[in-house]
Amino acid sequence: MLLIVALLGTVSAAAIEVVWPTSMDRTSIRVPEDYLQATISEIPFSGSFGMVREEGQRFHEGVDIRPTTRNAAGEPLDLVFSAMDGQVAYVNNATNGPYGKYVVLTHPKAELLVYTLYAHLAKIDPAVKVGEAMTRGKAIGLMGRTSAGAAAITPDRAHLHFEVGLILSTSFGSWYSVQPENRKSPNQHGLWNGQNLMGMDPMPVLIRTRANLLDAVRSQTAVVSVTMRTATAPDFVKRYPMLVSGDSEHAAGWRVDFSWQGMPIRWTALEAGHALLPSTRWQLYAIDNSVRKLLTSRKMITPDAKRAGELLTQNVEILLAGVR
Ligand SMILES: [Zn+2]
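Fair warning: this is a prediction, and the values are worked out from it, not measured in the lab.

From N to C terminus, the protein includes seven helices and 19 strands. Taken over the C-alpha trace, the protein has a radius of gyration of 20 Å; the compact-globule value for 324 residues is 20 Å, and the two agree within 12%. With respect to the principal axes defined by its C-alpha atoms, the protein has extents near 70 × 55 × 40 Å. Relative to its full complement of 324 residues, the protein shows a buried share of 40%.

Below, the structure written as structure tokens:
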């Protein structure tokens, strides 16, 4: 028993070192307005994580960090740095999507394999290549405003869009290719397409000099549950076993609990014959009614709260891509 307690103690104390991902001095930050870059709405919190856009109707999956210094033309001079020790997973050197030029890192030293994403870069350091190690604080590139989104980012709103989160599925491509709306737009980013990346609020991680990423994921509240029936386990379960409870070897299905923004944070294996196993491939099982409005805006549920909304459906289908 003593040994177990000692081990648990070690686990919860474990943490990875975190540095601020731009040239801004983290110790100079007093209030969120010090680092947030607002959208054209000029509402400071439109740069933070959450349902902060279009009067709470549009989700922002990361945090927008403003520059501290600019050149004569008004373009940022701030560098963008790796927030934690990690490895380069993806480099997109073209302005061909809403993220513009972006880099994705993964962090094998963290308690679970999170990704971090650095978007709208003006320039990516040529030394940043897929598979290369990236120690924390190493330069990724220059802060900018590249984006092929609906509205251009003007120089006064240049920023780093920073995300941290989990990768939904290694079979993402097989889901993407069968979506009718994607027939004319092939996936240009492989697994590192934003639809396959599920972010959480980066600030609890970024404000610390050391962070436990597993604690950060688990500290989110589960507010939506689905049940699914599968003969094989989704690869998410194998990549993030620390989020799983029950006998995953003999599971005939799963109960999956999601955070409000759609991150699957808790998986419970259901054995054959379990009363919770759905008759269909998957179904909405429960929601927390106290956040019903938020869940409706995020499209986690339909407005009548009876069915899964568009976003929850998409995330569950991605999680089940390649699963029998
Ligand atoms: Zn952003």
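Quick look at the sheet that holds strand E11 (residues 139-142) now. One open sheet accounts for three strands, arranged E5-E11-E9; its pairing is antiparallel. Strands with a single pairing partner mark the edges of an open sheet, and in this sheet they are strand E5 (79-81) and strand E9 (123-124). Across two bridges, the pairing between E9 and E11 is antiparallel. Following the sheet pairing, Lys 123 is matched in E11 by Leu 142.

Split into domains, the protein comes out as domain 1 (14-213) and domain 2 (221-319). Here the C-alpha centroids of domain 1 and domain 2 sit 26 Å apart. With 19 residues of domain 1 in contact, the opposing surface of domain 2 contributes 17 residues. Split by residue class, the side of domain 1 that touches domain 2 holds 10 nonpolar, eight polar and one charged.

Before going further, it helps to examine the sheet that holds strand E19 (residues 282-287). Spatial strand order, E16-E18-E17-E15-E19: five strands in an open sheet with mixed pairing. Looking at which strands have only one partner, the edges of the open sheet turn out to be strand E16 (244-245) and E19. When E16 meets strand E18 (residues 264-271), the two strands line up parallel, connected through two bridges. The partner of Val 244 across the bridge, within E18, is Trp 267.

In this structure, Glu 54 takes a positive phi of about 50° despite not being glycine. A positive phi angle, close to 60°, is found at Lys 299, a residue other than glycine. Note that Lys 299 resides in the loop between helix H6 (292-297) and helix H7 (310-319). Accessibility expressed as a C-beta count within 10 Å gives 18 for Lys 299, which makes it partly exposed.

Further remarks concern the nonpolar core. Counting residues in hydrophobic clusters, the biggest one holds 78 residues, and the most contacted among them are Val 103 and Tyr 118. Among the domains, domain 1 (14-213) and domain 2 (221-319) are the pair contributing at least three residues each to this core.

Further remarks concern the environment of Met 203. The residue Met 203 is located in helix H3 (residues 203-206) in this model. A residue is classified by how many C-beta atoms lie within 10 Å of it, and Met 203, with 15 of them, is partly exposed. Along the backbone, Met 203 and Gly 97 are 106 residues apart, and their C-alpha atoms lie at a distance of 25 Å. Apart from the residues within four sequence positions on either side, Met 203 is in contact with Phe 49 and Val 63.

Taking every second residue as pointing to the same face, both faces of strand E13 (residues 197-200) are buried, with Leu 197 and Gly 199 on one and Met 198 and Met 200 on the other. The pairing of strand E12 (residues 160-167) with E13 spans four bridges and is antiparallel. Looking at E13, one finds that Gly 165 is bridged to Gly 199.

Let us look at H7. Taken together, the buried positions of H7 are Leu 312, Asn 315, Val 316, Ile 318 and Leu 319. The arc that holds the buried residues of H7, viewed along the axis, is 160°, so those residues lie on one side.

Both E5 and E11 contribute to a ladder of three bridges, which runs antiparallel. Bridge pairing links Leu 79 to Leu 142 in E11.

Mapped onto the secondary structure, Lys 138 falls in the loop between strand E10 (133-134) and E11. For Lys 138, a count of 18 C-beta atoms within 10 Å gives the class partly exposed. Between the C-alpha atoms of Lys 138 and Asp 85, which are 53 residues apart in sequence, the distance is 8.9 Å. Apart from the residues within four sequence positions on either side, Lys 138 is in contact with Phe 81 and Ser 82.

Basis of the calculations
- Residues numbered from 1 in each chain as written.
- Predicted model: local features only at pLDDT ≥ 70, side-chain atom pairs only at ≥ 80, totals over all residues.
- Helix = DSSP H or I, 4+ residues; strand = E, 2+ residues; numbered from the N terminus.
- Rg over C-alpha atoms; globule rule 2.2 N^0.38 Å.
- Buried ≥ 20, exposed ≤ 12 C-beta atoms within 10 Å, placed from the backbone.
- Pairing = 2+ DSSP bridges.
- Domains from an automatic or database assignment.
- Contact = placed C-beta atoms within 7 Å.
- Nonpolar A, V, L, I, M, F, W, Y, C, P; charged D, E, K, R; others polar.
- Core = buried A, V, L, I, M, F, W, Y, C linked by C-beta atoms within 7 Å.
- Arc of directions from axis to C-beta.

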